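Residue-level listing of the chains:
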Amino acid sequence: MTNKQTEPVVACPFCESTDTEQESAFGSEISKTQYYCNGCHTVFERIKYDGANPDTGR
């Protein structure tokens, strides 16, 4: 059995489109991820973990 993490569906905060893709693993802070919206062509940031504990591999 594999432990494959699925990408969360991220909605654009400007146009609410879910046609988004991760632009960069790090944004202006280490706790944020940068996304790009294909709907309105805007780059935005999102908090990485949203309260969930990240898998550290331990």
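Note: the structure precedes this text.
Residues numbered from 1 in each chain as written. Predicted model: local features only at pLDDT ≥ 70, side-chain atom pairs only at ≥ 80, totals over all residues. Heavy atoms only, no water.

Listed in full, the 5 residues of the largest apolar core are Val10, Cys12, Tyr35, Cys37 and Phe44. Setting aside its immediate chain neighbours within four residues, Val10 contacts Ser17, Thr18, Thr20, Tyr35, Phe44 and Arg46. (Core = buried A, V, L, I, M, F, W, Y, C linked by side-chain atoms within 4.5 Å. Buried < 20%, exposed > 50% of the residue type's maximum accessible area, 1.4 Å probe, protein only. Contact = heavy atoms within 4.5 Å.)

Glancing now at the environment of Thr18. Along the chain, Thr18 turns up in the segment before strand 1 (20–24). The spatial distance from the C-alpha of Thr18 to the C-alpha of Asn38 is 8.7 Å, given a sequence separation of 20 residues. Leaving out residues up to four positions away in the same chain, Thr18 has contacts with Val9, Val10 and Ala11. (Helix = DSSP H or I, 4+ residues; strand = E, 2+ residues; numbered from the N terminus.)

Another aspect to go through is the environment of Ala25. When you line up the elements, Ala25 lands in the loop between strand 1 and strand 2 (32–37). Note on Ala25: relative accessible area 37%, which makes it partly exposed.

Before going further, it helps to spend a moment on the pairing of strand 3 (residues 43–47). The sheet contact formed by strand 2 and strand 3 spans 5 bridges and is antiparallel. Note that in strand 3 the partner of Lys32 across the bridge is Ile47. Where strand 2 folds back onto strand 3 in an antiparallel hairpin, the turn is made up of 5 residues, including His41, whose phi is positive at roughly 60°. (Pairing = 2+ DSSP bridges.)

Glancing now at the sheet that holds strand 1. The 3 strands lie next to each other as 1-2-3, forming an open sheet whose pairing is antiparallel. Only two strands of the sheet have a single neighbouring strand rather than two, namely strand 1 and strand 3. Along the sheet, successive strands turn relative to each other by an average axial angle of 45°, direction set aside. As paired elements, strand 1 and strand 2 share 4 bridges and run antiparallel to each other. Bridge pairing in strand 2 places Ser24 opposite Gln34. (Axes fitted to C-alpha atoms, helices over the stretch in contact; angles between N-to-C directions.)

Inspection of the entire model under this criterion finds 2 salt bridges. Lys32 is the partner of Glu29 in a salt bridge, and the nearest nitrogen-oxygen pair spans 3.8 Å. We classify Glu29 as partly exposed; its relative accessible area is 42%. In this structure, Glu45 and Lys32 form a salt bridge, with 3.9 Å as the shortest nitrogen-oxygen distance. Linking Glu45 in strand 3 with Lys32 in strand 2, this pair joins segments that are 13 residues apart in sequence. (Salt bridge = Lys/Arg side-chain N within 4 Å of Asp/Glu carboxyl O.)

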